[in-house]
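Residue strings, one per chain:
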Amino acid sequence: MFSGDALEAIEHFPENVNVAVATALATTGVENTKVSIRSIPGLKSNKHKIALSGETVKVEVIIETTPSKDNPKSSTLAAYSVIGLLKNLVTPITF
């Protein structure tokens with residue numbers, strides 16, 4: 001188990017912190033983000049729990065994905081995220 005700040009997590013587990021880093025970049029930055037990584041033998045999915053808290057609100061989001069059949073180190077959701085990003089990059093901004 002690892003528990004520390006996002007910068008330490010990036011240094012020690014660069015292949016496993018993409019969700020944590022994306023969350024940090026979208027919120028208060030990597031220097032203000034805490035990360036916990038747990039490895040559970042036999043677990044058949046990847047689970048991400050994102051907890052945000054402020055003075056007036058607390059938010060918890062849980063994302064659970066199964067590994068891709070073609071690439072067990074990733075999930076099918078990751079591929080869809082890349083496709084969505086590429087579509088957004090080439091689509092003009094609309095209101």
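Note that the structure is a prediction, hence the values are computed from the model and not measured. (Residues numbered from 1 in each chain as written. Predicted model: local features only at pLDDT ≥ 70, side-chain atom pairs only at ≥ 80, totals over all residues. Heavy atoms only, no water.)

## Let's talk about the overall build of the protein
Heads up, the rule is: Labels follow the DSSP assignment, with helices taken as runs of H or I lasting at least four residues and strands as runs of E lasting at least two, numbered in each case from the N terminus. For every residue, the accessible area (1.4 Å probe, protein chains only) is compared with the maximum for its type, and the residue is labelled buried under 20%, exposed over 50%, or partly exposed between those bounds. Throughout, a residue-residue contact means that at least one pair of heavy atoms, one from each residue, lies within 4.5 Å. Per-residue accessibility takes into account occlusion by the displayed protein chains alone, with areas from the Shrake-Rupley method and a 1.4 Å probe. Only four residue types enter the charge count, namely Lys and Arg as positive and Asp and Glu as negative; His and the chain termini do not. Charge positions come from single atoms, namely NZ of Lys, CZ of Arg, CG of Asp or CD of Glu.
A count of helices and strands for the protein gives 3 helices and 4 strands. Tracing the protein from N to C terminus, the helices and strands come up as β-α-α-β-β-β-α. Oriented by its inertia axes, the alpha-carbon framework of the protein measures out at about 40 × 40 × 25 Å. Burial status across the protein gives 18% buried among its 95 residues. When contacts within the protein are restricted to residue pairs at least 6 apart in sequence, long-range pairs at least 24 apart make up 32% of them. Of the accessible surface of the protein, which amounts to about 8,000 Å², a share of 57% is contributed by carbon and sulfur atoms. Taken together, the 9 basic and 9 acidic charged side chains of the protein have centroids lying 10 Å from each other.

## Observations regarding a nonpolar patch on the surface
Our working rule: Only residues whose relative accessible area exceeds 30% and that form no salt bridge are eligible for patches; like-charged ones are grouped when within 9 Å, while nonpolar side chains (Val, Leu, Ile, Met, Phe, Trp, Tyr) are grouped when within 5 Å. Whenever a carboxyl oxygen of Asp or Glu lies within 4 Å of a side-chain nitrogen of Lys or Arg, that contact is scored as a salt bridge.
A surface patch of nonpolar side chains, about 520 Å² in accessible area, is lined by Val82, Leu85, Leu86, Leu89 and Val90. Position of leucine 86 among the secondary structure elements: in helix α3 (residues 76-90).

## Describing the environment of threonine 76
With respect to the helices and strands, threonine 76 occurs in helix α3. You can call threonine 76 partly exposed: its relative accessible area is 38%. Distance in space between the C-alpha atoms of threonine 76 and glutamate 11 is 25 Å, their sequence separation being 65 residues. Setting aside residues up to four positions removed in sequence, threonine 76 forms contacts with Thr66 and Ser68.

## Thoughts on the pairing of strand β3 (residues 46-53)
The criterion, for reference: By definition, two strands form a pair when at least two bridges between them are found by DSSP.
Here 8 bridges tie β3 to strand β4 (residues 58-65), and the two strands are oriented antiparallel to one another. Of the residues in β4, the one forming a bridge with asparagine 46 is threonine 65. Hairpin connection between β3 and β4: a loop of 4 residues separates the two successive antiparallel strands.

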